[in-house]
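Working through the structure, step by step
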Amino acid sequence: MTSWFSGILPNDELHAPLEHLPRRHRQKNVGALERTISVLAGGLLVGEGLKRLSLPGLAAAAVGAHLVRRGATGHCGMYHALNVTSVEEDSKLLSHPLHQHIRVHKVMTVNKPAGEVYAFWRDLENLPRFMQHLERVSVTGEKTSHWVARGPRERVVEWDAELVEDKPGEVISWKSVGGSQVPNAGEVRFKGLSEGRGTEVHVLLMYDPPAGVLGALYARLFGAEPGQQVKEDLRRFKQLMEAGELPTIEGQPQGQC
Amino acid sequence: MKALCWCGKKNVQVQNVDDPKIINPRDALVRITTTAICGSDLHLYDGYIPTMEKGDVLGHEFMGVVEEVGGGVGNLKKGDRVVVPFTIACGNCFFCQRQLWSACDNSNPNAWMMEKAYGFTGSGLFGYSHMMGGYAGGQAEYVRVPFADVGPLKVPEELEDEQVIFLTDIFPTGYMAAENCNIQKGDTVAIWGAGPVGQFAIRSAKMLGAEQVVSIDHYPKRLKMAAEGGAIPIDFNDEYVYERLLDLTGGRGPDACIDAVGLEAHGTTPDALYDRVKAATFMATDRLHVLRQAIHCCRKGGTVSVPGVYAGFLDKVPMGAAFGKGLTFKMGQTHMHKYLKPLLEHVRAGRIDPRFVITHRAKLDQAAEMYALFAGKKDECIKVLLKP
């Protein structure tokens, strides 16, 4: 199995079947260059901090120790909380010196056969029906499409995307091409379950936050948490597939107290 | 239209609100002919259920006449007379297809709220907080019923509203509580709480073959009604419940115990007072005196069935006793859709006449005073019906 994720995901993750995906809470999310810098800077802080037997000195040493640990293990708790990663990636996605990007993986089971679930998703013009931030997707060619989304503060973002992989009933992946303001890529894998138990839908979305990690932190603090957004998008997908409509209470009566 | 709105703790008001309308293809609009106040509405009234918003329309026991259906509802038409189950279910998900209707994956628009609180979401419910979907309820003149192609059940003309209204919640809830006891010939079932659900649990346990049913409460009128349904009454103010249950079962203990009370249990024992203090000082949410006693009294290898509502965290659950005796626990919101048809058959065949439980009839306009009356257990109130 090769895909455009070559170079984006660590090799073991890329080539592993879904059930062997590494446990997400300890996944490496710090890239090689950043890990080296983290260890060196951390070591320096520990050394300098311990030289001064003062409270600020000890605090600096503690921060240094954390940086060393982060560099050594390749896992950063803050990155994890923000769904940020800076592991080596496709050069086309890069826009920051340390290659940080948002990376969200979510899974949901849909009570329909894989072929049907795949077909609904493969009609890319369906995506805005369940991806809340998409305004519209227009198919422009055999492998190309044009996407329009609403970003933070209602800013309209547009890009062209191309299909990277497309195996009926198994996988669809795509990435933005050309000079997108928000370079992004996505992959959805369908895993049919036995005994008519439906289809697992694994979604992986990656994008460069418009303002880097600070932008991601800002978004997290002010309510737009990408992990939750993707989960809600997937939930809407499931609701459309299974129930045929989205449950809602918008427009129902409410009293005034 | 007129609708009963929740305006805060112990504050409900009949207000004029907009008429509901069809929003989704699988919706129906129902003009309500009869609605009821449920014991679980009192948990909302008393402010025990989180995520209520001021102005929410209450009521999850209601029936009426179909006024309009959406394009996706093929089995109902204007003029059909229906009872509506209080749980809302899509009919197509993993859970609905396994008859676990109250665990429906797709009917709660606020699934994320319940997911945060409970790990997973349950089905949407009418008029029962935003965590449970925030759907406007049916203590009103009209109601919007989502997934109306799988929920509402048409009822025959020869049965009056009062005979079938309790199919919307308390009869199935009492019945599932009894069914969850896996009753065998010769069994004794002890039921805490002789409110409406307890009353239907008593009669359901009998129908399911229990030899002996015991009802535990302290309101004379309720115990009298329980005895009329075939139960042996125990007034917990007059008798020691554990000793009396042992006497009744030759020292074995009841084969199954039903907690038809839930999170606002009353009691006079030290643990009940402890719960009251903790709840009053916000150190705990639910008072579980009944659950503790049910666990304590249940025989070894027996079943504790819980139709009473719990919402939050419990303190001092005698898990050691439950483990030591190898008890089975069954609980949860009723899988309503599974029970509507069979229980309608019981009513139609005359095996039960649900009207026995009604003590008060009023107009919707009087809903606020009826809530206060029911909450205060005044005037020997057990079940209130409201007519819009």
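Residues numbered from 1 in each chain as written. Chains lettered and ligands numbered in written order. Predicted model: local features only at pLDDT ≥ 70, side-chain atom pairs only at ≥ 80, totals over all residues.

1. Here's the deal with the overall build of chain A
- Helix and strand content of chain A: 7 helices and 8 strands.
- In chain A, which comprises 257 residues, the share counted as buried stands at 30%.
- A sequence separation of at least 24 residues applies to 52% of the contacts in chain A between residues at least 6 apart. (Helix = DSSP H or I, 4+ residues; strand = E, 2+ residues; numbered from the N terminus. Buried ≥ 20, exposed ≤ 12 C-beta atoms within 10 Å, placed from the backbone. Contact = placed C-beta atoms within 7 Å.)

2. Digging into the interface of chain B and chain A
- Residue-level contacts link 36 residues of chain B with 20 residues of chain A.
- Residue assignment for the side of chain B that touches chain A shows that the elements contributing at least two residues are strand 1 (2–6) and helix 3 (111–118) of chain B.
- Tallied by class, the residues present in the side of chain B that touches chain A amount to 17 nonpolar, 12 polar and 7 charged. (Nonpolar A, V, L, I, M, F, W, Y, C, P; charged D, E, K, R; others polar.)

3. Some points on the pairing of strand 6 (residues 171–177) of chain A
All names here are of chain A.
- Pairing between strand 5 (residues 156–167) and strand 6: 7 bridges, direction antiparallel. Note that in strand 6 the partner of Ala161 across the bridge is Ser176.
- In this structure, the hairpin formed by strand 5 and strand 6 is closed by a connection of 3 residues, where Gly169 is found at a positive phi of approximately 75 degrees.
- In this structure, strand 6 lies alongside strand 7 (residues 184–192), joined through 5 bridges in antiparallel fashion. Following the sheet pairing, Lys175 is matched in strand 7 by Ala185. (Pairing = 2+ DSSP bridges.)

4. Details of helix 2 (residues 32–51) of chain A
Residues and elements named next belong to chain A.
- In this model, helix 2 (20 residues) spans 29 Å end to end at C-alpha, consistent with the 28 Å of a helix rising 1.5 Å per residue.
- Burial in helix 2 covers these residues: Glu34, Arg35, Ser38, Gly42, Leu45 and Gly49. One face of helix 2 carries all of its buried residues, which in axial projection span an arc of 95 degrees. Summarising the geometry of helix 2, the exposed residues directed more than 90 degrees from the buried face are Thr36, Gly47 and Lys51. (Expected span 1.5 Å × (residues − 1). Arc of directions from axis to C-beta.)

5. So, the sheet that holds strand 11 (residues 188–192) of chain B
All names here are of chain B.
- The strand order 13-12-11-14-15-16 describes an open sheet built from 6 strands, whose pairing is parallel. What marks the edges here is a single partner per strand, and that holds for strand 13 (232–235) and strand 16 (328–331). Pairs of neighbouring strands in the sheet enclose a mean axial angle of 20 degrees, with direction left out of account.
- Here 4 bridges tie strand 11 to strand 14 (residues 256–259), and the two strands are oriented parallel to one another. Of the residues in strand 14, the one forming a bridge with Trp192 is Asp259.
- Its contacts with the sheet put helix 10 (residues 289–297) on strand 11, strand 14 and strand 15 (303–306), and the angle it makes with strand 14 is roughly 180 degrees. (Axes fitted to C-alpha atoms, helices over the stretch in contact; angles between N-to-C directions.)

6. Structural notes on the nonpolar core
- Residues Val30(B), Val189(B), Ile191(B), Ala201(B) and Ile258(B) are the most contacted members of the largest nonpolar core, which totals 128 residues.
- No fewer than three residues from each of domain 1 (2–169 + 334–387) and domain 2 (173–331) of chain B sit in this core.
- With residues up to four places along the chain from it excluded, the contact list for Ala201(B) reads Gly174(B), Ala177(B), Ala178(B), Ile191(B), Ile258(B), Ala260(B) and Pro307(B).
- In terms of nonpolar packing, the next biggest core, distinct from the first, is built from 26 residues, Val110(A), Trp174(A), Leu234(A) and Phe237(A) among them. (Core = buried A, V, L, I, M, F, W, Y, C linked by C-beta atoms within 7 Å. Domains from an automatic or database assignment.)

7. Some remarks on the environment of Pro388(B)
Residue and element names in this part refer to chain B.
- Mapped onto the secondary structure, Pro388 falls in the segment after strand 18 (384–387).
- By the C-beta count within 10 Å, which is 21 here, Pro388 ends up buried.
- Taking C-alpha positions, Pro388 is 27 Å from Val309, a pair spaced 79 residues apart along the chain.

8. Points about the environment of Gln163(B)
- Looking at the secondary structure, you find Gln163(B) in helix 4 (residues 161–164).
- With 17 C-beta atoms packed within 10 Å, Gln163(B) lands in the partly exposed category.

9. Overview of the domain arrangement of chain B
All names here are of chain B.
- Each assigned domain of chain B is listed here: domain 1 (2–169 + 334–387) and domain 2 (173–331).
- Measuring from the centre of the C-alpha atoms in domain 1 to the corresponding centre in domain 2 gives 26 Å.
- Among the elements that take part in the side of domain 1 that touches domain 2, helix 1 (residues 39–45) stands out by supplying 3 residues, more than any other.
- A per-class count over the side of domain 1 that touches domain 2 returns 7 nonpolar, 5 polar and 6 charged.

10. A closer look at the packing of helix 5 (residues 170–179) of chain B against helix 6 (residues 196–207) of chain B
Residues and elements named next belong to chain B.
- For the pair helix 5 and helix 6, the least separation of the axes is 7 Å and the interaxial angle reads 55 degrees. Accordingly, the angle class assigned to the pair helix 5 and helix 6 is oblique. As for how helix 5 packs across helix 6, the hand of that crossing is right-handed. Each of Ile170, Phe171, Thr173, Gly174, Tyr175, Ala177 and Ala178 in helix 5 lies in contact with helix 6, whose residues at this interface are Pro196, Val197, Gln199, Phe200, Ala201, Ser204 and Ala205. (Parallel < 35°, antiparallel > 145°, perpendicular 65-115°, else oblique. Left-handed = near helix turned anticlockwise from the far one by under 90°.)

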